[in-house]
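# Understanding the architecture of this molecule
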Amino acid sequence: KGQNPVFPRILGHEAAGIVESVGEGVTDLKAGDHVLPVFTGECKECRHCKSEESNMCDLLRINTDRGVMLEDQKSRFSINGKPIYHFVGTSTFSEYTVCHVGSVAKINPLAPLDKVCILSCGISTGLGATFNVAKPPKGSTVAVFGLGAVGLAAAEGARMAGASRIIGVDLVPSRFELAKKFGVTDFVNPKEHSKPVQEVIVEMTDGGVDRSVECTGNVNAMISAFECVHDVWGVAVLVGVPHKDAEFKTHPMNLLNERTLKGTFFGNYKPRSDLPSVVEKYMNKELELEKFITHEVPFAEINKAFDLMLKGEGLRCIITM
């Protein structure tokens, strides 16, 4: 959704690896370094990279349509002499890949790659959406829409920040039991109510939650997430990627009553500057990654991983190349 098809290409964007070799001019990395490839990069030179407020690099921000390297507009993959295209600068469903130096974050070599790989996209996105953007004060109430891995990472961020109540919103009732491990205290299934879920949450919380984080990509969930926050101090953060034709509609009074609506991309983390410290949170046992990893399959069984995801049965499935 939201992409123009470019084929044939090597997909995959959440991974961990070891640098096999570096090209001419690369000084920040060397063979043997342990890294996380990231779908949005950090050149460290543009106005966004130089701004403390941004992680949206001008040169390397996500581009789903580009299937080539920036330097020469050519692919580094081929089969029988014909190019195979790249995907969001990473193409990780491969034993070997080629990335721009700005799209790989060097991390602690002692960190287990089969655990910290999930920090290269989803878990960092959810965690950062809460920590860096929503910033719930200690003792606050937080609603999380969507209890997949990203939503549970957002809940984990709320738990780590000291939220007193975390309301999980999901259409799959079986997800609630697992969500308790991530600090979720209440569960709301919109299907079980005759009125809009935002009204249910406002009633539950005496006027609305202090913060909400939307992790589904469904535009109706986005609207609900905004409309369920308390007036004046409520902040809603959108994380999910909507369909390209989606439109967000709400009454302007919701904004005039001083609610705040924010979006975030990769949890506002700058990949190269910030990811190493998130890995250290795991190494210091401040952040548990194991509970996000529910399955593991070899690459030959990748369709099993998709089946688990579509059924909502797993969180993160590690694929060994």
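Residues numbered from 1 in each chain as written. Predicted model: local features only at pLDDT ≥ 70, side-chain atom pairs only at ≥ 80, totals over all residues. Heavy atoms only, no water.

As recorded by an unreviewed UniProt entry, the chain carries the name alcohol dehydrogenase and is attributed to Calystegia soldanella. Taken verbatim from the UniProt record of the chain, the Subcellular location (unreviewed entry) comment is "Cytoplasm". Per UniProt, the chain has the following entry under Sequence similarities (unreviewed entry): "Belongs to the zinc-containing alcohol dehydrogenase family." (UniProt positions renumbered as here; feature names shortened; annotations may be inferred.)

## Structural notes on the sheet that holds strand 1 (residues 17-18)
Spatial strand order, 1-2-5: three strands in an open sheet with antiparallel pairing. A strand with exactly one partner marks an edge of an open sheet, and here the two such strands are strand 1 and strand 5 (104-106). As paired elements, strand 2 (residues 34-37) and strand 5 share three bridges and run antiparallel to each other. Across the sheet, the residue bridging to Val35 is Lys106, located in strand 5. (Pairing = 2+ DSSP bridges. Helix = DSSP H or I, 4+ residues; strand = E, 2+ residues; numbered from the N terminus.)

## With respect to the environment of Ser75
The topology assignment puts Ser75 in the loop between helix 1 (47-50) and strand 3 (77-79). There is a polar contact of 2.9 Å between the side chain of Ser75 and the backbone nitrogen of Phe77. At a separation of 2.4 Å, a polar atom in the side chain of Ser75 contacts the main-chain carbonyl oxygen of Ile84. (Polar contact = N/O pair within 3.5 Å; in protein donor to acceptor, adjacent residues only side chain to side chain.)

## A look at the environment of Thr185
Within the element layout of this structure, Thr185 appears in the loop between helix 5 (175-179) and strand 8 (186-188). Sequence-wise, Thr185 and Ile166 are 19 residues apart; in three dimensions their C-alpha atoms are separated by 5.3 Å. Apart from the residues lying within four places of it in its own chain, the contact partners of Thr185 are Ser164, Arg165, Ile166 and Phe176. Side-chain polar atoms of Thr185 contact the side chain of Asp186, separated by 2.7 Å. (Contact = heavy atoms within 4.5 Å.)

## Some remarks on the domain arrangement of the chain
One can read the domain layout of the chain as domain 1 (17-121 + 269-319) and domain 2 (123-265). Of note, the centres of domain 1 and domain 2, computed from C-alpha atoms alone, are 27 Å apart. Across the contact, 21 residues belong to domain 1 and 21 residues belong to domain 2. Summing the contributions of domain 1 and of domain 2, the shared interface buries around 1,800 Å²; its carbon and sulfur component is 65%. Ranking the residues of domain 1 by area buried against domain 2 places Tyr269, Lys291 and Phe292 at the top, with a combined share of 34%. (Domains from an automatic or database assignment. Buried area = accessible area lost by both parts, 1.4 Å probe.)

## Observations concerning unusual backbone geometry
Cis geometry marks the peptide bond from Phe7 to Pro8, where omega comes out at -10°. Mapped onto the fold, Pro8 is located in the segment before strand 1. Non-glycine residue Val88 carries a positive phi angle of around 35°. One can find Val88 in the loop between strand 4 (82-84) and strand 5. At Phe266, a residue that is not glycine, the phi angle is positive and equals roughly 55°.

## Concerning the pattern of salt bridges
Applying the stated criterion across every chain, the model contains 16 salt bridges. With a closest N to O distance of 3.7 Å, Lys249 and Glu247 form a salt bridge. Among the ionic pairs, Glu301 bridges to Lys304, the shortest N-O distance being 3.1 Å. Look at Glu301 and you get partly exposed, because its relative accessible area is 31%. Residue class for Lys304 comes out partly exposed when judged on its relative accessible area of 48%. (Salt bridge = Lys/Arg side-chain N within 4 Å of Asp/Glu carboxyl O. Buried < 20%, exposed > 50% of the residue type's maximum accessible area, 1.4 Å probe, protein only.)

## Some remarks on the packing of helix 3 (residues 122-134) against helix 4 (residues 149-161)
The relative placement of two packed helices comes down to the angle between their axes together with the axis-to-axis distance. In the contact formed by helix 3 and helix 4, the axes pass within 7 Å of each other and the chain directions differ by 40°. The angle between helix 3 and helix 4 places the two elements in the oblique class. Remark: the crossing between helix 3 and helix 4 carries right-handed chirality. Touching Gly122, Ile123, Thr125, Gly126, Leu127, Thr130 and Phe131 of helix 3 are Ala149, Val150, Ala153, Ala154, Glu156, Gly157, Ala158, Met160 and Ala161, all from helix 4. For the contact of helix 3 with helix 4, the class distribution of residues is ten nonpolar, five polar and one charged. (Axes fitted to C-alpha atoms, helices over the stretch in contact; angles between N-to-C directions. Parallel < 35°, antiparallel > 145°, perpendicular 65-115°, else oblique. Left-handed = near helix turned anticlockwise from the far one by under 90°. Nonpolar A, V, L, I, M, F, W, Y, C, P; charged D, E, K, R; others polar.)

## Regarding the pairing of strand 6 (residues 141-145)
The buried fraction of strand 6 amounts to five of the five residues, a majority that puts the element mostly inside the structure. Along strand 6, one buried face is formed by Thr141, Ala143 and Phe145 and the opposite face, lined by Val142 and Val144, is buried too. Chirality of the crossover, the property in question, places the unit of strand 6, helix 4 and strand 7 (residues 165-169) among those that are right-handed. Two strands pair when backbone bridges link them, and strand 6 and strand 9 (residues 211-214) are joined in this way by four bridges, in the parallel orientation. Looking at strand 9, one finds that Val142 is bridged to Arg211. (Right-handed = clockwise from strand over helix to strand, strands pointing away.)

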